[in-house]
Amino acid sequence: LYDWAGYIGVALVLLAFFLLQARKLHGYGLTYQLMNILGALGVMVSLLFGASPVNWPAFLMQVAWIAISGYGILRGLQQREAGLNGRSAGKLPGAG
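Below, the structure is looked at part by part. Starting afresh in each chain, residues are numbered from 1 along the sequence in its written order. Since the coordinates come from a predicted model, pLDDT governs what is reported: local features require at least 70, and pairs of side-chain atoms require 80 or more to be given and counted, while whole-chain, interface and lining totals use all residues. To obtain the side-chain values, all non-hydrogen atoms of the structure were used and water was disregarded.

### Observations regarding the overall build of the protein chain
Stated precisely, the cut-off is as follows: Counting from the N terminus, the helices are DSSP H or I runs at least four residues long and the strands are E runs at least two residues long. Accessibility here uses a 1.4 Å probe with only protein chains present; expressed as a share of the type maximum, an area under 20% marks a residue as buried, one over 50% as exposed, and anything in between as partly exposed. Residues count as neighbours in contact if any of their non-hydrogen atoms are within 4.5 Å of one another.
In terms of helices and strands, the protein chain carries three helices and zero strands. Listed by position from the N terminus, the elements making up the protein chain come as α-α-α. When burial is assessed residue by residue, the protein chain has 23% of its 96 residues classed as buried. When contacts within the protein chain are restricted to residue pairs at least 6 apart in sequence, long-range pairs at least 24 apart make up 69% of them.

### Details of the packing of aromatic side chains
Put simply, the test is: Stacked, edge-to-face and tilted labels apply to pairs of Phe, Tyr and Trp rings (six-membered ring for Trp) whose centres lie within 6.5 Å, assigned for plane angles under 30 degrees, over 60, and everything in between, in that order.
All chains considered together, the criterion is met by three aromatic pairs. With a centroid separation of 5.3 Å and an interplanar angle of 35°, the aromatic rings of Phe18 and Tyr71 are classed as tilted. Of this pair, Phe18 sits in helix 1 (residues 2-21) while Tyr71 sits in helix 3 (residues 56-89); the two residues are 53 residues apart in sequence, bridging distant segments of the chain. The class for Tyr71 is partly exposed, based on a relative accessible area of 31%.

### Here's the deal with the packing of helix 1 against helix 2 (residues 30-49)
Note the threshold: Orientation is described by lines fitted to C-alpha atoms, with helices fitted over the stretch in contact, and by angles between N-to-C directions that extend from 0 to 180 degrees. In what follows, roughly perpendicular refers to angles from 65 to 115 degrees, roughly parallel to angles under 35, roughly antiparallel to angles over 145, and oblique to any angle outside these ranges. Here is the rule for handedness: rotate from the far helix to the near one, and if that takes an anticlockwise turn smaller than a right angle the crossing is left-handed, while a clockwise turn gives right-handed.
The contact between helix 1 and helix 2 brings their axes to 7 Å, and the two run at 150°. Classified by the angle their axes make, helix 1 and helix 2 are roughly antiparallel. When you trace helix 1 past helix 2, the crossing you get is left-handed. On helix 2, the residues that touch Tyr2, Asp3, Ala5, Gly6, Gly9, Val10, Leu12, Val13, Leu15, Ala16, Phe17 and Leu20 of helix 1 are Tyr32, Met35, Asn36, Leu38, Gly39, Ala40, Gly42, Val43, Val45, Ser46 and Phe49.

### Thoughts on unusual backbone geometry
In this structure, Arg23 is a non-glycine residue whose phi angle is positive, near 65°. Positionally, Arg23 belongs in the loop between helix 1 and helix 2.

### Brief notes about the environment of Val43
Tracing the chain through its elements places Val43 in helix 2. In this structure the C-alpha to C-alpha distance between Val43 and Ala11, which are 32 residues apart in sequence, comes to 9.9 Å. In this structure, Val43 is in contact with Ala5, Gly6, Gly9, Val10 and Met61, ignoring residues within four places of it in sequence.

### Considerations on helix 1
To keep things clear, this is the line we draw: How far a helix is expected to stretch is found by multiplying one less than its residue total by 1.5 Å. Picture the helix axis, draw a direction to every C-beta atom, and the arc is the one those directions span.
Here helix 1 is 20 residues long and its end C-alpha atoms lie 29 Å apart, about the 28 Å a rise of 1.5 Å per residue gives. The set of residues buried in helix 1 consists of Asp3, Gly6, Gly9, Val10, Val13, Leu14, Ala16 and Phe17. Down the axis of helix 1, the smallest arc covering the buried residues is 155°, so these residues share one side. With respect to the buried face of helix 1, the exposed residues turned more than 90 degrees away are Trp4 and Ile8. Following helix 1 by one or two positions, Arg23 has its phi on the positive side, about 65°.

Everything listed here is a matter of coordinates, which is why it stays silent on function.
So this is what it looks like as structure tokens:
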């Protein structure tokens, strides 16, 4: 039961982080903050009372956090590249 609180907590935190990276939530929004608080509480319950010798929720969270961070980096690079290409295709200011 306590381990499931950890898995649910991890899912909430990771979903909030993914939705932030996908620009579906704002970092200052109430939904994002509540997802993080409730998720962290679930992970804390798992850490304090879970029976597993290996804390799988925490381990899985770190693996997923790395993957979602990589997604955010790639998305940011693609958006920057698209912005640079869009500017270079247009006329320069004062050149017309």
